[in-house]
Amino acid sequence: MADALAVHQLRKRYGANEALKGVDLRIGAGELVGLLGPNGAGKSTLVKIACGLVRPTSGTVRLGGAIGYLAELFRFPDWLSADELLVLHQKLARSPGGTGERRELLELVGLAEVADRRVGAMSKGMQQRLGIAQAMIGDPKLLLLDEPTSALDPAGRRTVRELLENLRERGVAVLLNSHLLSEVELVCDRVAIIARGEVVAAGSPDELSRAGGVEVTTGRGVRSFGQATREEVPQIVRELVEAGEDVYEVRVVRSSLEDTYLEVVGGK
Ligand SMILES: Nc1ncnc2c1ncn2[C@@H]1O[C@H](COP(=O)(O)OP(=O)(O)OP(=O)(O)O)[C@@H](O)[C@H]1O
């Protein structure tokens, strides 16, 4: 299947300020990619170029199909019902989906029961899910989501996380712009960290959070093996047991995505 997004050597110059300095990024069909980076790194510029709102200075962007977008600070008219809001966006997107598309999307985001409730009477979490339904109008192959969970409580975050996983099963790719690293770590297939207009690290959350040794709790306390890897755990445990120690717990320590992030963006 074609990539949902393929960005090649993308550059954007605002006067003397080079916001993007040759960015390469691929998002496969149905892939969930987290875009991380400090304020001013170039994330919004990249997203705006992908949407066609900003023209690149050079480089190419290829899209695998339609894209849907949900801004961080969106505000829907309070007086519209969930269903009416989707009607409005069907018109704006010129989607021929009609009632069937609206029903399916409200079901997808768990709002089918409250299709007639006004936006003003919905919780933030419900509005966020409605926002995702809105972005899904017209059957996009890629969703660009800006901080979709930043205003939500833990339960709301989990619901949106489950929704994103659901989208992956439908083959919809997502580029998730977020500052919540733990969230990105939980849900994303791949992460790209952007700083000063360049991709400074990319890979799966696992690849980006490196091994940080092994800790073993024995009857005599916690023993740290700073350089050890998961593969060495059986040998370590065998040696401790042979030396007469009781082993209660073994923990493979990993540096977090946050550690890697701070290292590559120069925050440490
Ligand atoms: N319209 C513009 N005119 C001039 N400079 C701009 C414009 N838009 C962005 N920039 C500059 O380009 C750089 C990248 O900005 P961008 O908004 O893409 O960063 P960001 O990673 O999205 O930041 P944030 O996390 O704060 O949203 C910044 O130095 C910014 O000042």
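Thresholds applied
Residues numbered from 1 in each chain as written. Predicted model: local features only at pLDDT ≥ 70, side-chain atom pairs only at ≥ 80, totals over all residues. UniProt positions renumbered as here; feature names shortened; annotations may be inferred. Buried ≥ 20, exposed ≤ 12 C-beta atoms within 10 Å, placed from the backbone. Helix = DSSP H or I, 4+ residues; strand = E, 2+ residues; numbered from the N terminus. Pairing = 2+ DSSP bridges. Axes fitted to C-alpha atoms, helices over the stretch in contact; angles between N-to-C directions. Contact = placed C-beta atoms within 7 Å. Near = placed C-beta within 6 Å. Nonpolar A, V, L, I, M, F, W, Y, C, P; charged D, E, K, R; others polar. Core = buried A, V, L, I, M, F, W, Y, C linked by C-beta atoms within 7 Å. Parallel < 35°, antiparallel > 145°, perpendicular 65-115°, else oblique. Left-handed = near helix turned anticlockwise from the far one by under 90°.

The name given to the protein chain in an unreviewed UniProt entry is ABC transporter ATP-binding protein, with the source organism recorded as Solirubrobacter ginsenosidimutans. According to the UniProt record, the Sequence similarities (unreviewed entry) comment for the protein chain is "Belongs to the ABC transporter superfamily."

Undergrad: Describe helix α1 (residues 43-51), and please don't skip the residues or the numbers.
TA: The set of residues buried in α1 consists of Lys-43, Thr-45, Leu-46, Val-47, Ile-49 and Ala-50. Once α1 finishes, Gly-52 follows within two positions and takes phi at roughly 85°, a positive value.

Undergrad: Lay out the UniProt feature "domain: ABC transporter" (unreviewed entry) in the protein chain in plain terms, naming residues and giving numbers.
TA: Mapped onto this numbering, the UniProt entry gives "domain: ABC transporter" (unreviewed entry) at residues 5-221. The span residues 5-221 is 32% helical and 31% strand by assignment, and the distance between its end C-alpha atoms comes to 51 Å.

Undergrad: Before we move on, could you go through the sheet that holds strand β7 (residues 173-177) and cite the residues and values that matter?
TA: On the basis of which strands lie adjacent, the open sheet formed by 6 strands has the order β5-β6-β7-β3-β8-β9 and mixed pairing. In the strand order of this sheet, the two ends are held by β5 (67-70) and β9 (198-203), each with one partner. Pairwise comparison of adjacent strand axes, ignoring direction, gives a mean angle of 20° for this sheet. Sheet analysis places β5 next to strand β6 (residues 142-146), joined by 4 bridges and oriented parallel. Bridging across to β6, Tyr-69 finds its partner in Leu-144. Contacts from helix α9 (residues 257-265) reach β3 (32-36), β8 (190-195) and β9, with the element oriented near 30° to β8.

Undergrad: Mind laying out the site of the ligand, listing which residues take part and the relevant values?
TA: Tyr-14, Asn-17, Ala-19, Gly-37, Asn-39, Gly-40, Ala-41, Gly-42, Lys-43, Ser-44 and Thr-45 make up every residue found near the ligand. Those elements giving two or more residues to the shell around the ligand turn out to be β2 (17-27) and α1. Considering every element that reaches the shell around the ligand, the biggest residue donor is α1, with 3 residues. Looking at side-chain class alone, the shell around the ligand contains 3 nonpolar, 7 polar and 1 charged residues.

Undergrad: Tell me what's going on with the nonpolar core, and back it up with residues and numbers.
TA: Residues Ala-133, Leu-142, Leu-144, Val-174, Leu-175 and Leu-176 are the most contacted members of the largest nonpolar core, which totals 58 residues. Counting residues per element, this core draws most heavily on β2, at 5 residues. Filtering out sequence-adjacent residues up to four positions away, Leu-175 remains in contact with Leu-5, Ile-27, Val-33, Leu-35, Leu-142 and Leu-144.

Undergrad: Tell me about the environment of Arg-157, residues and numbers included.
TA: With respect to the helices and strands, the residue Arg-157 is situated in helix α5 (residues 154-169). Look at Arg-157 and you get buried, because 21 C-beta atoms sit within 10 Å. For the pair Arg-157 and Glu-183, spaced 26 residues apart in sequence, the C-alpha separation works out to 8.4 Å. Beyond its immediate chain neighbours, meaning those up to four positions away, Arg-157 contacts Thr-149, Leu-152 and Glu-183.

Undergrad: An account of the packing of helix α4 (residues 124-135) against α5 is requested, with residue identities and associated values reported.
TA: Look at α4 against α5: their axes get within 10 Å of each other, and the N-to-C directions meet at 15°. Comparing the axis directions of α4 and α5 gives the class roughly parallel. Considering how the two elements wind past one another, α4 and α5 form a crossing that is right-handed. Where α4 approaches α5, its residues Lys-124, Gly-125, Gln-128, Arg-129 and Ile-132 are matched on the opposing element by Gly-156, Thr-159, Val-160 and Leu-163. The residue makeup of the contact of α4 with α5, split by class, is 3 nonpolar, 4 polar and 2 charged.

Undergrad: Kindly report on the pairing of strand β1 (residues 5-14), identifying the contributing residues and their values.
TA: In this sheet, strand β4 (residues 58-63) lies alongside β1 in antiparallel orientation, the contact comprising 5 bridges. Bridge assignment links Ala-6 to a residue of β4, and that residue is Arg-62. Pairing geometry for β1 and β2, over 8 bridges, is antiparallel. Its bridge partner lying in β2, Val-7 is registered against Leu-25. The hairpin turn running from β1 into β2, its antiparallel successor, is 2 residues long, and Gly-15 in that turn takes a positive phi close to 60°.

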